[in-house]
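Working through the structure, step by step
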Amino acid sequence: MADSIATIQAVFDEFRGGEDCLTATQLPATMRLLGMNPTEDDVTQLCNSVCNSSMLDGTAFVQLMQEALRQWLAKDQAQELLLSFQAFDTQGNGRISVEQLVQIMSMSGNPFTSEELEEMLANAGVDGDGTLAYRDLILKHFFSAESRTARGDWESLQGPSGPLSPLQEATTLGEVAKLKAARGDLEDAANLRCRGLAILEQIHGPEHPDVAAAFHAIAELKEAQGRVEEALEAYTRALGIREKVLGPNHFYVAMTLDSIANLKDRLGQVEEALAVACRSLAIWERFFGPQHPHIAKILFNLAGRRDSLGEVDESLRLYARALEIQEHLDPDSTEVADILNATANLRERMGEIADCLNLYSRELALREKLFGGSHPEVLELRDIIASLQA
């Protein structure tokens, strides 16, 4: 579709035939030449919105056509979106999830920026189940309150619903915050999460699973910003609510305990981190049994904490448990290589050279298989083994 002033001016020159102005009756033909296919109502609405004269000079014509092209592009985009949304609407209920919306927008040829996508979400509103009415989204984003018509089957579209409910607003703020965080706008994301938290507290009171989830999400953003103390405070608030509302052995409690343990490590509070992680481990084992990849991760971190406290035998025992789980799940994984490396390093510091060489050699074979012989980690391992053998 043509969109340059020079092209619009060339169309004007083509139709004016030596006159200084064009008449409104000539507009449909000029618009078709510019790639549009207007109805009589389209032309009437356009003229009423931009000019009050039936005669247009070059300046007025350019202004009118720029507005027409802008509106026509919006209608084209809206029609394409409607078709895309309908393709993803497998239940035929007029709703899609936020994840589906992002997937559609990430397809090739997507004309929308991240900021525009966030604006669309904020305008349409997301329900508590994480879905939105895509007709509302299209109407609120593309059409003014005065005119909600477009090419195609738009007659069946009702006008958008009224203001967002408090729960819709809180959910929408959370979803927009996710998008902002994904593109690195952590401060804006945290502010949106805090606004959502205030709404949720008004709806549910201070002790509710949704309020706890909001605190947890805020804590993650604060942690990503390096604001460790603020993150720890928010995680602690989330933990207190979850323990009271869900019980001390709930899976969500374990998730928050994991986060607190990692933060306490960063603060150098190793013994406290160890105690928190042990609580988390017990819950994970209760929910998933002893052979779960996250349990291996907890064991690996616990081993490192025991090592830093000088509890070498317990550290070796935990590394061995983590290795057993990971080798059972996937013997050719980087996780196995990492555990072999940590155990070898500990054996080396203990002066058990033969054992550490065996572990380093197993790690080397695995990393060569994963990364090839010229990878920096492989080359570094070869140097370590050579120095130990010298």
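All values derive from a computational prediction rather than experimental measurement.

So, how was this worked out
Residues numbered from 1 in each chain as written. Predicted model: local features only at pLDDT ≥ 70, side-chain atom pairs only at ≥ 80, totals over all residues. Heavy atoms only, no water. Helix = DSSP H or I, 4+ residues; strand = E, 2+ residues; numbered from the N terminus. Buried < 20%, exposed > 50% of the residue type's maximum accessible area, 1.4 Å probe, protein only. Contact = heavy atoms within 4.5 Å. Areas by Shrake-Rupley, 256 points an atom, 1.4 Å probe, with all protein chains shown as cover. Axes fitted to C-alpha atoms, helices over the stretch in contact; angles between N-to-C directions. Parallel < 35°, antiparallel > 145°, perpendicular 65-115°, else oblique. Left-handed = near helix turned anticlockwise from the far one by under 90°. Phe/Tyr/Trp six-rings, centres within 6.5 Å; stacked < 30°, edge-to-face > 60°. Arc of directions from axis to C-beta. Expected span 1.5 Å × (residues − 1). UniProt positions renumbered as here; feature names shortened; annotations may be inferred. Polar contact = N/O pair within 3.5 Å; in protein donor to acceptor, adjacent residues only side chain to side chain. Core = buried A, V, L, I, M, F, W, Y, C linked by side-chain atoms within 4.5 Å. pLDDT = per-residue confidence, 0-100.

**Quick look at the overall build of the chain**
Summing up its helical and strand segments, the chain has 18 helices and four strands in all. The burial tally for the chain puts 41% of its 390 residues in the buried class. A fraction of 59% describes how many contacts in the chain between residues 6 or more apart in sequence connect residues 24 or more apart. If you sum the accessible surface of the chain, you get close to 19,800 Å²; carbon and sulfur atoms cover 50% of it.

**A few points about the packing of helix 15 (residues 312-329) against helix 16 (residues 334-349)**
The N-to-C vectors of helix 15 and helix 16 enclose an angle of 160°; their axes lie 9 Å apart at closest approach. In this view, helix 15 runs roughly antiparallel relative to helix 16, as classed from their interaxial angle. Pair helix 15 / helix 16 crosses with left-handed handedness. Residues Val312, Ser315, Leu316, Tyr319, Ala322, Leu323, Gln326 and Glu327 of helix 15 form the contact with helix 16, whose own contacting residues are Glu335, Val336, Ile339, Leu340, Ala342, Thr343, Leu346 and Arg347.

**Let's talk about the packing of aromatic side chains**
As enumerated under the stated definition, the model contains seven aromatic pairs in all. Seen from their ring centres, Phe251 and Trp284 are 5.2 Å apart, and the 80° between their planes marks the pair as edge-to-face. Taken together, the residues span a long stretch of sequence, with Phe251 in helix 12 (residues 251-266) and Trp284 in helix 13 (residues 270-288) at a distance of 33 residues. Accessibility expressed as a relative area gives 23% for Phe251, which makes it partly exposed. Aromatic side chains Phe251 and Phe287 sit 6.0 Å apart centroid to centroid with 45° between the ring planes, which places their arrangement in the tilted category. Separated by 36 residues along the polypeptide, Phe251 in helix 12 and Phe287 in helix 13 bring together distant segments of the chain.

**With respect to helix 6 (residues 114-124)**
Of the positions making up helix 6, those classed as buried are Leu117, Glu118, Met120, Leu121 and Ala124. Looking straight down helix 6, one finds its buried side chains confined to an arc of 155°; they lie on one side. Where helix 6 ends, the next residue or the one after it, Gly125, has phi of about 90°, a positive value.

**Thoughts on helix 17 (residues 353-371)**
In this model, helix 17 (19 residues) spans 26 Å end to end at C-alpha, consistent with the 27 Å of a helix rising 1.5 Å per residue. Where helix 17 is buried, its residues contact helix 16 and helix 18 (376-389). Where helix 17 terminates, the next one or two residues include Gly372, which has phi positive at roughly 95°.

**Observations concerning the environment of Pro293**
Note that Pro293 resides in helix 14 (residues 293-308). Since its relative accessible area comes to 41%, Pro293 is described here as partly exposed. Among residues more than four places away in sequence, those in contact with Pro293 are Gln326 and Leu329.

**Here we look at the UniProt feature "repeat: TPR" (unreviewed entry) in the chain**
Residues given the UniProt feature "repeat: TPR" (unreviewed entry) here are residues 212-245. The span residues 212-245 shows a helical share of 91% and a strand share of 0%, and its end C-alpha atoms are spaced 9 Å apart.

**Things to note about the environment of Thr172**
Checked against the element boundaries, Thr172 lands in helix 8 (residues 166-182). In this structure, the C-alpha to C-alpha distance between Thr172 and Glu118, residues 54 residues apart in sequence, is 9.4 Å. For Thr172, the side chain forms a polar contact with the main-chain oxygen of Gln168, separated by 2.6 Å.

**What about the side chain of Glu363?**
Mapped onto the elements of the fold, Glu363 is located in helix 17. A residue is classified by how much of its surface remains accessible, and Glu363, at 1% relative accessible area, is buried. Among the polar contacts made by the side chain of Glu363, one reaches the side chain of Asn341 at a distance of 3.1 Å. When near neighbours in sequence (up to four residues on either side) are disregarded, Glu363 contacts Ala337, Leu340, Asn341 and Leu381.

**Notes on the nonpolar core**
Leu299, Leu302 and Tyr360 are the most contacted members of the largest nonpolar core, which has 48 residues in total. At the level of secondary structure, the elements contributing two or more residues to this core comprise helix 11 (228-246), helix 12, helix 13, helix 14, helix 15, helix 16, helix 17 and helix 18. At seven residues, the largest contribution of residues to this core is made by helix 16. Those residues in contact with Leu299 that sit more than four places away from it in its chain are Leu281, Leu318, Arg321, Ala322 and Ile325.

**Overview of the confidence of the model for the chain**
Chain-level statistics for the chain give a pLDDT mean of 83 and a share of 84% at 70 or above. This model gives residues 144-160 a pLDDT under 50, and the stretch forms 29 contacts once residues within four places in sequence are excluded.

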